[in-house]
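Remarks on the overall topology
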Amino acid sequence: MKMIMITLAVFVVGGAVAVINEGHAEAAVTSKKIKKAKNTKKAKAAKKAKAAKKAKVAKKAKAAKKAKTSKKAKTSKKVSKTAPKTTKQIVNDYAQSQYGWGKTQQSYLNKVISYESGWNLNAGNGPYRGLFQTTGVRDMSALGQAKHGLKYIKSRYGTPQGAWKHIQRTGWY
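The present account deals with the structure reproduced in this document. (Residues numbered from 1 in each chain as written. Predicted model: local features only at pLDDT ≥ 70, side-chain atom pairs only at ≥ 80, totals over all residues. Heavy atoms only, no water.)

1. Description of the nonpolar core
Membership of the largest hydrophobic core comes to 18 residues, with the highest contact counts inside it found for Val91, Leu109, Phe132, Leu150, Ile153 and Tyr173. Ranked by residue count, the leading element in this core is helix H4 (residues 142–157), at 4 residues. For Tyr173, the residues in contact, after removing those within four places along its chain, are Val112, Glu116, Phe132, Thr134, Tyr152, Ile153, Tyr157, Ala163, His166 and Ile167. (Core = buried A, V, L, I, M, F, W, Y, C linked by side-chain atoms within 4.5 Å. Buried < 20%, exposed > 50% of the residue type's maximum accessible area, 1.4 Å probe, protein only. Helix = DSSP H or I, 4+ residues; strand = E, 2+ residues; numbered from the N terminus. Contact = heavy atoms within 4.5 Å.)

2. Remarks on the layout of surface pockets
Roughly 160 Å³ of volume is contained in the largest pocket. If you go around the largest pocket, the residues you meet are Tyr115, Glu116, Tyr128, Gln133, Thr134, Thr135, Tyr152, Arg156, Gly171, Trp172 and Tyr173. If you list the elements that add at least two residues to the lining of the largest pocket, you get helix H3 (103–116) and H4. Taken together, the residues of the lining of the largest pocket break down into 5 nonpolar, 4 polar and 2 charged. (1 Å grid on protein atoms, 1.4 Å probe; cavity = no way out; pocket = protein on both sides within 12 Å on 5 of 7 lines; lining within 4 Å. Points joined across faces, edges and corners; volume = space filled by probe spheres on them. Nonpolar A, V, L, I, M, F, W, Y, C, P; charged D, E, K, R; others polar.)

3. What about the packing of helix H2 (residues 87–99) against H4?
Where H2 meets H4, the axes come as close as 9 Å, and the angle between the chain directions of the two elements is 45°. By the angle class used here, H2 and H4 are oblique. Handedness of the crossing formed by H2 with H4: right-handed. Between H2 and H4, the residues in contact are Thr87, Ile90, Val91, Tyr94, Ala95 and Tyr99 and Ala142, Leu143, Ala146, Lys147, Leu150, Lys151 and Lys154, respectively. (Axes fitted to C-alpha atoms, helices over the stretch in contact; angles between N-to-C directions. Parallel < 35°, antiparallel > 145°, perpendicular 65-115°, else oblique. Left-handed = near helix turned anticlockwise from the far one by under 90°.)

So, in structure tokens, the structure goes:
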């Protein structure tokens, strides 16, 4: 009986078993399998890392969208709540819309009203009442007084500038 001696080397690499039989080509094939197993493991790890990164980016995008939506909702609430107009704004808007009096005439109008009433809707001096210190004002709201007072200025002086010049000459209008 002949005895044949075979040397085997067994390696475990990355979960794959490599058997190298001395003198055979099997070792080369097994080596390729080991490399492939290593590459597959790396690929799986890379794929897993990529998926985790993608999920993290998606989570950030969702949070940003939610914050933006929340901010829009808050902004639209702010926009819908407009502050009420001041007496001065009401008078100037009416002067512009009804008589075409722009900033120059409005500055003279401001001087007239500041002189007569100090922009106090309830100012009174004898029979004279309101912003323009006139008589016969039925509506004491800012708009009612603007209608009455601006009509008076237009009919008597032509413009707020004319009314102011008269006040400077005489002390009244």
